[in-house]
Amino acid sequence: MPEPVPLGRPTVGEEELAAVAEVFASGWLAGAGPACRRFEQRFAAATGTAHALATSSCGAALFLGLRVLGVRPGDEVIVGDYTFPATGHAVRQAGATPVFADVRPDSFAADPASVEALVTPRTVGILAVDVAGQPGDFDAYRAIADRHGLWLFEDAACSAGATYRGRPAGSLADLAAFSFHGRKGITAGEGGALVSDRADLIEHARKLHTYGIAPALSREGELTIPEFDELGWNFRLSDVQAAILRVQLDRLPRLLAARRAVAKRYSDAFAGLPGVSVPAELPDREHPWQAYLLLLGSGRDEAIAKLRARGIQCTFGTYASHLQPVYGPQEPRPVSAELFRRHLALPMHADLTDEQVERVVESVREVVGEL
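An account of the accompanying structure is given in this report. (Residues numbered from 1 in each chain as written. Predicted model: local features only at pLDDT ≥ 70, side-chain atom pairs only at ≥ 80, totals over all residues. Heavy atoms only, no water.)

### Some thoughts on unusual backbone geometry
Then, in step 1: Residues other than glycine seldom take positive phi values, yet Ala 32 does so here, at roughly 55°.
Then, in step 2: Phi is positive for Tyr 211, which is not a glycine, with a value near 65°.
Then, in step 3: Residue placement: Tyr 211 occurs in the loop between α7 (199-208) and α8 (239-270).
Then, in step 4: Assessed through its relative accessible area of 43%, Tyr 211 is described here as partly exposed. (Helix = DSSP H or I, 4+ residues; strand = E, 2+ residues; numbered from the N terminus. Buried < 20%, exposed > 50% of the residue type's maximum accessible area, 1.4 Å probe, protein only.)

### Quick notes on the packing of aromatic side chains
Centre distance and the angle of the planes are the two values used to describe a pair of aromatic rings.
Then, in step 1: Tallying each qualifying case throughout the model produces 19 aromatic pairs.
Then, in step 2: Geometrically, the ring pair formed by Phe 84 and Tyr 319 is edge-to-face, given 5.9 Å between the ring centres and 70° between the ring planes. Residue Phe 84 is located in the loop between β2 (76-80) and α4 (86-93), and its partner Tyr 319 is located in the loop between β13 (315-316) and α10 (334-342); the two are separated by 235 residues in the primary sequence.
Then, in step 3: Taking 5.0 Å as the distance between ring centres and 65° as the angle between the ring planes, the aromatic pair formed by Phe 100 and Tyr 327 counts as edge-to-face. A residue pair is termed long-range when its members are at least 10 positions apart, and Phe 100 in strand β3 (residues 97-101) and Tyr 327 in the loop between β13 and α10 qualify at 227 residues. Like Phe 100, the residue Tyr 327 is buried in the burial classification.
Then, in step 4: Connected via pairs of aromatic rings, a cluster forms that spans Phe 39, Phe 43, Phe 178 and Phe 180. (Phe/Tyr/Trp six-rings, centres within 6.5 Å; stacked < 30°, edge-to-face > 60°.)

### So, empty space enclosed by the protein
Then, in step 1: Under the criterion given, the structure shown has two cavities of 30 Å³ or more.
Then, in step 2: By volume, the largest cavity is sized at about 60 Å³.
Then, in step 3: Forming the walls of the largest cavity are Arg 9, Pro 10, Thr 11, Gly 182, Lys 184, Gly 185, Thr 187, Gln 248, Leu 255, Arg 259, His 349 and Ala 350.
Then, in step 4: Put simply, the second largest cavity is a space of about 40 Å³. (1 Å grid on protein atoms, 1.4 Å probe; cavity = no way out; pocket = protein on both sides within 12 Å on 5 of 7 lines; lining within 4 Å. Points joined across faces, edges and corners; volume = space filled by probe spheres on them.)

### Considerations on the sheet that holds β13
Then, in step 1: The strand order β10-β12-β14-β13 describes an open sheet built from four strands, whose pairing is antiparallel. The open sheet is flanked by β10 (276-277) and β13, the only strands paired with a single partner.
Then, in step 2: Alignment of β10 against strand β12 (residues 292-296), held across two bridges, turns out to be antiparallel. Across the sheet, the residue bridging to Val 276 is Leu 296, located in β12.
Then, in step 3: Against the sheet, helix α9 (residues 300-309) engages β12, β13 and β14 (343-346), with an angle of about 20° to β14. (Pairing = 2+ DSSP bridges. Contact = heavy atoms within 4.5 Å. Axes fitted to C-alpha atoms, helices over the stretch in contact; angles between N-to-C directions.)

### Side note on the packing of helix α1 (residues 14-26) against α8
Then, in step 1: With their axes 8 Å apart at the nearest point, α1 and α8 run at an angle of 145° to one another. As for how α1 packs across α8, the hand of that crossing is right-handed. Residues Glu 15, Glu 16, Ala 19, Val 20, Val 23 and Phe 24 of α1 lie in contact with α8, whose contacting residues are Asp 239, Val 240, Ala 243, Ile 244, Val 247, Gln 248 and Arg 251.
Then, in step 2: Split into classes, the residues belonging to the contact of α1 with α8 amount to eight nonpolar, one polar and four charged. (Left-handed = near helix turned anticlockwise from the far one by under 90°. Nonpolar A, V, L, I, M, F, W, Y, C, P; charged D, E, K, R; others polar.)

### Here's the deal with the sheet that holds strand β7 (residues 167-168)
Then, in step 1: An order of β7-β6-β11 is seen for the three strands of this open sheet, with the pairing classed as antiparallel. Every other strand in the sheet has two partners, leaving β7 and β11 (285-286) as the edge strands with one partner each.
Then, in step 2: In this sheet, β7 lies alongside strand β6 (residues 163-164) in antiparallel orientation, the contact comprising two bridges. Note that in β7 the partner of Thr 163 across the bridge is Pro 168.

### Notes on the layout of surface pockets
Then, in step 1: Taken as a whole, the largest pocket encloses approximately 610 Å³ of empty space.
Then, in step 2: Sorting the residues of the lining of the largest pocket by element identifies α3 (58-68), α4 and β13 as the ones contributing at least two each.
Then, in step 3: Ranked by residue count, the leading element in the lining of the largest pocket is α3, at three residues.
Then, in step 4: Residue composition of the lining of the largest pocket, grouped by class: 14 nonpolar, 11 polar and five charged.

Written out as structure tokens, the structure reads:
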């Protein structure tokens with residue numbers, strides 16, 4: 001059998017190694033150092049925001065964002081249901097209750113009508129997820145937030161390079177959190193970032209991500225002995241990872257173009273295939289294609305087994321959060337539950353060859369025909 005076609009693969013090379021060598025030579029490998037600050041400046045500009053904070057993960061960025069927004073026990077946060085549970089977990093970790101909104105069947109993001117219906121006197125904000133990287137209906141979310149006096153937070157974990165009505169992902173809400181996990185559009189293996197136009201939120205998060213004091217880089221010069229007046233955590237990104245990410249930002253346009261080309265080939269090949277629906281790129285958005293989610297009419301689990309037997313790495317889409325036991329009994333969210341049951345994630349990364357794409361296409365056509 002030929003080599004497996006990987007589900008995801010980072011695009012890294014000599015440029016990243018050279019950037020890491022520079023950090024080694026500098027002597028500052030720890031977190032929140034000069035390389036982090038340079039990356040933060042670049043990433044803020046790339047996301048159309050004024051400020052960025054590099055973090056150890058997107059989960060850390062989500063949690064810090066909720067903390068600086070003032071979330072506390074007894075609060076409710078409306079969360080798009082179709083998402084990796086890191087989103088709901090962050091709300092729970094901040095002491096609040098996630099209330100899951102059902103999603104649109106085309107974008108997979110929170111349906112504004114469902115969001116509006118879930119607002120109660122305990123609701124403090126909306127945490128909207130860009131599923132597979134494509135932003136949701138942020139103008140509608142903002143209108144709901146403004147109408148009810150709520151904040152708006154973008155879970156942009158998958159969204160580097162995406163746009164909504166001409167605006168970059170990250171600039172669509174009061175805060176946004178990104179992931180740099182290995183399957184994301186740009187990666188350092190792990191890592192995350194929090195971005196905003198509000199200096200007060202980012203600076204508070206910066207303090208909390210270093211145990212509740214100003215990071216060491218901010219305290220150079222005269223001896224100062226910081227006092228701990230607020231509980232914080234160690235959520236810093238290392239300077240080694242930040243150096244990798246600066247190179248990845250340079251690569252981003254090429255990485256996006258490669259992913260978009262693969263997505264087009266998939267969609268062209270599967271359009272009209274019985275029992276299959278291709279994902280939509282909505283006309284007012286640019287999709288970064290962090291994942292390509294094919295919707296099968298039936299037999300999704302059988303299809304995964306058959307494709308894996310042919311060497312095509314694939315998996316389910318993401319989670320219908322309301323079905324996860326950690327959140328306890330929840331009201332049904334039928335659209336999200338159906339997507340969870342039927343979505344198939346195909347190989348998607350910037351290094352897929354023409355031969356690999358053709359192999360995926362042929363294998364999917366064969367397998368679907370056998371279901």
